[in-house]
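# A look at the structure
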Amino acid sequence: MGIEINKKLLPMKAHYFLYNAGTAPVVPFMPTLVRQLGFSTVIVGTIYTVLPIVGMLVKPLFGIIADRFQRQKLLFLLFQILTALPFFLIMFIPAIPQESTVSFHCHEGASDLRYCPPNGTTLDSCLTDRIVDENSSNVTIHCRMDCHTEPWMWDTICDYWKIEKYCDKSNIPSDGHLRLTGLVPANRIELLNDCLFFVLKGAEMNGNHVPLYCPANTTGDFRTSCQVNCDNALINEAITHSKIDDDEAKGLYQFWLLFLFLILSWAGMAVVVSVGDAICFEMLGDRPHLYGNQRLWGSIGWGTFSLLAGFLVDQFSNGKASKDYTVVFYMTVVIIAVDILVSSKLKHTQSRLSTNIVRDVGQIFVSFRVVVYFLWCVAVGLGTALIWNFLFWHLEDLASAQQGCDHAAWIKTLEGIVMSIQCFGGELPFFFLSGWILKKIGHINAMSVVLLGFGVRFLLYSLLVDPWWVIPIEFLNGITFGLFYATMASYASIVAPPGTEATMQGLVGAVFEGVGVSCGSLLAGHLFFNVGGSQTFRYFGIAALILCAVHATVQFLLDRFGTKDTRLGYVSPDDAMNQMQDDQPIVYGGK
């Protein structure tokens, strides 16, 4: 028997693949890119608290617009552009002012550079250990120095450094800055009292070797501050810090450009996802259980291109002090441009119209089952936030505790494997099987299974000691995201009154992300800070199992003692699935 291919749905599958392939190169790396621009983790956390709220607002708003004016496809294409263009423009935002200020002390013995972290902060112990350990050879590190001077210091430069040019006061630079290249023996770098010391064996100035000899005298100690840039990326990373605190950073144009572009792109992604799902379900017609077969192509795109993007970033960053993300921005804009072209070929006509969308959507909340469904979306959002934002943090803490600083060589490889298994070992098979699973056990039981999966997954995380044992746990992502997302989207499609499909998808996505994920990020962040990663996952795991039991009990009581309300204009998803299995038309409102 030959394989039947529904050619009408091929552009939809291609969209899911291309759109996820286009966002995968940039979305996972955005927090680290923002940090590389010079913004602190506090700023990053603030931004990523606001972005889910943006999604919560725009999803139902533009869902209503799409349904009311029957412009689903037009909005779908426009917001794809809105996703790609702001992401691409982020590439051109310059970093905020940075400085690498060290103290330079010239004296009779060996002169030195000293870096002590400002504002009560501490040095990264793993980074300083690598600097000390890796620079134990006889290699000489060159550090370009731009130092403030006092007028009397030029006498020392003239008399003892033998730079006779500066014996003539007219040759002293107008800004009074001393510029030279310090020579640092790699095996003379030390960590003392949380400060990095670099012993200088001399310097180069105007092509001449300078001994850096400064005898004690009555004029003063030859000690000043210098801006330094070395030909060693680890040293530059250790001594570079922002000149501006968090409050001042929020007043910079770089911050507001970044924030604006991220808000626009996040709004674009939110609308494309919700309206795209509505289009997909309308094209599927009376076969919403096949949604997972379309959406699984998104997992393939994300899993493939997130790994490819990480590899390319590392390759293009070889020999550079910081990561070069240029390639991911070009990947995003090119791939989404192809997606726009493919999506324009969708054979989609919005045929159903609601005369009063707000009333039609509002009436479904008369059903207690639908209220329970939305609360379930919030609960899953809480758990999803913990995984999205803090799983890698937990793994890095475990790796550091187990192997100290040695984990830096392989931790990103492990995180890449985790993302790959989440997509290919978890989401992909469950998206493919979701239709069969939903027809077998129904949406209600699937919701309970998802909560059970979260409970088991979180408790296993809490028991981890060796971070590599996270790999088998990640197969549960098929239940906690693959099965969850298929259940959430198809349930929303089935309970949506005719003509409100995009509105309903937007509303459900807003509740999941804007309420669940946003609140989950805040709650998990506080717990991580106060009790640590293992205990946080344990608390969330226990809560998920309790919610699973409560959900199953409530649904059992509704099945046993509840009554169907035909005023709502829809049948329950489980009844609808049974009708589809029997090839019966779905009957709305019992009519």
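Residues numbered from 1 in each chain as written. Predicted model: local features only at pLDDT ≥ 70, side-chain atom pairs only at ≥ 80, totals over all residues. Heavy atoms only, no water.

### Section: the overall build of the protein chain
Within the protein chain one finds 19 helices and 11 strands. Taken across its 591 residues, the protein chain has 52% of its residues classed as buried. In the protein chain, the share of contacts with a sequence separation of at least 24, taken over all contacts with a separation of at least 6, comes to 81%. Carbon together with sulfur atoms contributes 61% to the accessible area of the protein chain, which is approximately 26,800 Å² in total. (Helix = DSSP H or I, 4+ residues; strand = E, 2+ residues; numbered from the N terminus. Buried < 20%, exposed > 50% of the residue type's maximum accessible area, 1.4 Å probe, protein only. Contact = heavy atoms within 4.5 Å. Areas by Shrake-Rupley, 256 points an atom, 1.4 Å probe, with all protein chains shown as cover.)

### Remarks on the pairing of strand 7 (residues 195-199)
Side chains on a regular strand alternate between the two faces of the sheet. Most of strand 7 sits out of view: 5 of its 5 residues are buried. Where burial is concerned, the two faces of strand 7 agree: the one with Cys 195, Phe 197 and Val 199 and the one with Leu 196 and Phe 198 are both buried. Where strand 3 (residues 112-115) and strand 7 come together, 4 bridges link them in antiparallel fashion. Each residue of the ladder has a partner; that of Tyr 115, found in strand 7, is Leu 196. Counted between consecutive antiparallel strands, the loop separating strand 6 (residues 189-192) from strand 7 contains 2 residues, among which Asn 193 sits at a positive phi close to 55 degrees. (Pairing = 2+ DSSP bridges.)

### Overview of the packing of helix 4 (residues 72-90) against helix 11 (residues 326-343)
Running from N to C, helix 4 and helix 11 cross one another at 170 degrees; their axes reach a closest spacing of 9 Å. The orientation of helix 4 with respect to helix 11, classified from their angle, is roughly antiparallel. The residues of helix 11 that touch helix 4, namely those facing Lys 73, Phe 76, Leu 77, Gln 80, Ile 81, Thr 83, Ala 84, Phe 87, Phe 88 and Ile 90, are Phe 329, Tyr 330, Thr 332, Val 333, Ile 336, Asp 339, Ile 340 and Ser 343. Here the contact of helix 4 with helix 11 is composed, by residue class, of 12 nonpolar, 4 polar and 2 charged. (Axes fitted to C-alpha atoms, helices over the stretch in contact; angles between N-to-C directions. Parallel < 35°, antiparallel > 145°, perpendicular 65-115°, else oblique. Nonpolar A, V, L, I, M, F, W, Y, C, P; charged D, E, K, R; others polar.)

### Describing helix 11
The end-to-end C-alpha separation of helix 11 is 26 Å, in line with the 26 Å expected for 18 residues at 1.5 Å each. What helix 11 keeps buried is the set Val 327, Val 328, Phe 329, Met 331, Thr 332, Ile 335, Ile 336, Asp 339 and Ser 343. (Expected span 1.5 Å × (residues − 1).)

### As for the pairing of strand 8 (residues 202-205)
Relative to strand 8, strand 5 (residues 178-185) is paired through 3 bridges, and the arrangement is antiparallel. Of the residues in strand 8, the one forming a bridge with Leu 183 is Gly 202. Bridge count for strand 8 against strand 9 (residues 208-210) is 3 bridges, and the pairing is antiparallel. Within strand 9, the position partnered with Met 205 by the bridge is Asn 208. Linking strand 8 back to strand 9 in an antiparallel pair, the connection comprises 2 residues, with Asn 206 at a positive phi of about 55 degrees.

### Considering the sheet that holds strand 8
Strand order in the open sheet formed by 9 strands is 6-7-3-2-10-4-5-8-9, with antiparallel pairing between adjacent strands. The sheet is open, and its two borders are formed by strand 6 and strand 9, each paired with just one other strand. Averaged over all adjacent pairs, the angle separating strand axes in this sheet is 35 degrees, with direction ignored. Taken together, the 8 bridges between strand 4 (residues 140-147) and strand 5 define a ladder with antiparallel strand orientation. Within strand 5, the residue paired with His 142 across the bridge is Leu 183.

### What about the environment of Leu 82?
Note that Leu 82 resides in helix 4. On the basis of relative accessible area, Leu 82 is assigned to the partly exposed category, the value being 26%. Between the C-alpha atom of Leu 82 and that of Ser 265, which follows or precedes it by 183 residues, the distance is 6.0 Å. The residues touching Leu 82, leaving out its near neighbours within four places in the chain, are Leu 264, Ser 265 and Gly 268.

### Concerning unusual backbone geometry
With the exception of glycine, the majority of residues adopt a negative phi angle, and the majority of peptide bonds are in the trans configuration. The backbone of Lys 162 shows a phi angle near 60 degrees, a positive value even though the residue is not glycine. Note on placement: Lys 162 falls in the loop between helix 6 (153-159) and strand 5. Even without being a glycine, Leu 212 presents a positive backbone phi close to 55 degrees. As for its placement among the helices and strands, Leu 212 is situated in the loop between strand 9 and strand 10 (222-230).

### Things to note about helix 16 (residues 477-495)
If you check helix 16, its first and last C-alpha atoms are 26 Å apart, about what 19 residues at 1.5 Å a residue would give, namely 27 Å. Of all the bends in helix 16, the greatest, near 30 degrees, is centred on Phe 484. (Bend = angle between axes of the 7 residues up to and from the residue.)

### Quick look at the state of the cysteines
Applying the stated rule across the entire model yields 5 disulfides. Sulfur-sulfur distance for the disulfide between Cys 116 and Cys 195 comes to 1.9 Å. Judged by the sign of its S-S torsion, about 115 degrees, the cystine formed by Cys 116 and Cys 195 is right-handed. Separated by 79 residues along the polypeptide, Cys 116 in the loop between strand 3 and helix 5 (125-134) and Cys 195 in strand 7 bring together distant segments of the chain. On the basis of relative accessible area, Cys 116 is assigned to the partly exposed category, the value being 37%. (Disulfide = S-S within 2.5 Å.)

### Topic: the confidence of the model for the protein chain
For the protein chain, the mean per-residue pLDDT works out to 80, and 83% of the residues sit at or above 70. Looking over the protein chain, one finds the lowest element-wise mean pLDDT in helix 19 (residues 573-581), namely 46, and the highest in helix 15 (residues 470-473), namely 93. Between residues 565-572, whose pLDDT stays under 50, and residues either more than four places distant or in other chains, the model counts 22 contacts. (pLDDT = per-residue confidence, 0-100.)

### Quick word on the pattern of salt bridges
Counted by the stated rule, this structure contains 6 salt bridges. Taking the shortest distance from any N to any O, the salt bridge between Arg 179 and Asp 175 comes out at 2.6 Å. (Salt bridge = Lys/Arg side-chain N within 4 Å of Asp/Glu carboxyl O.)

### Observations regarding a nonpolar patch on the surface
Together, Leu 74, Leu 78, Ile 81, Leu 85, Leu 89 and Phe 92 give the surface a local cluster of nonpolar side chains, amounting to about 540 Å² of exposed area. Relative to the elements of secondary structure, Phe 92 occurs in the loop between helix 4 and strand 1 (98-99). Its relative accessible area of 52% is what places Phe 92 among the exposed residues. (Patch = residues over 30% accessible without salt bridge, like charges linked within 9 Å, V, L, I, M, F, W, Y side chains within 5 Å.)

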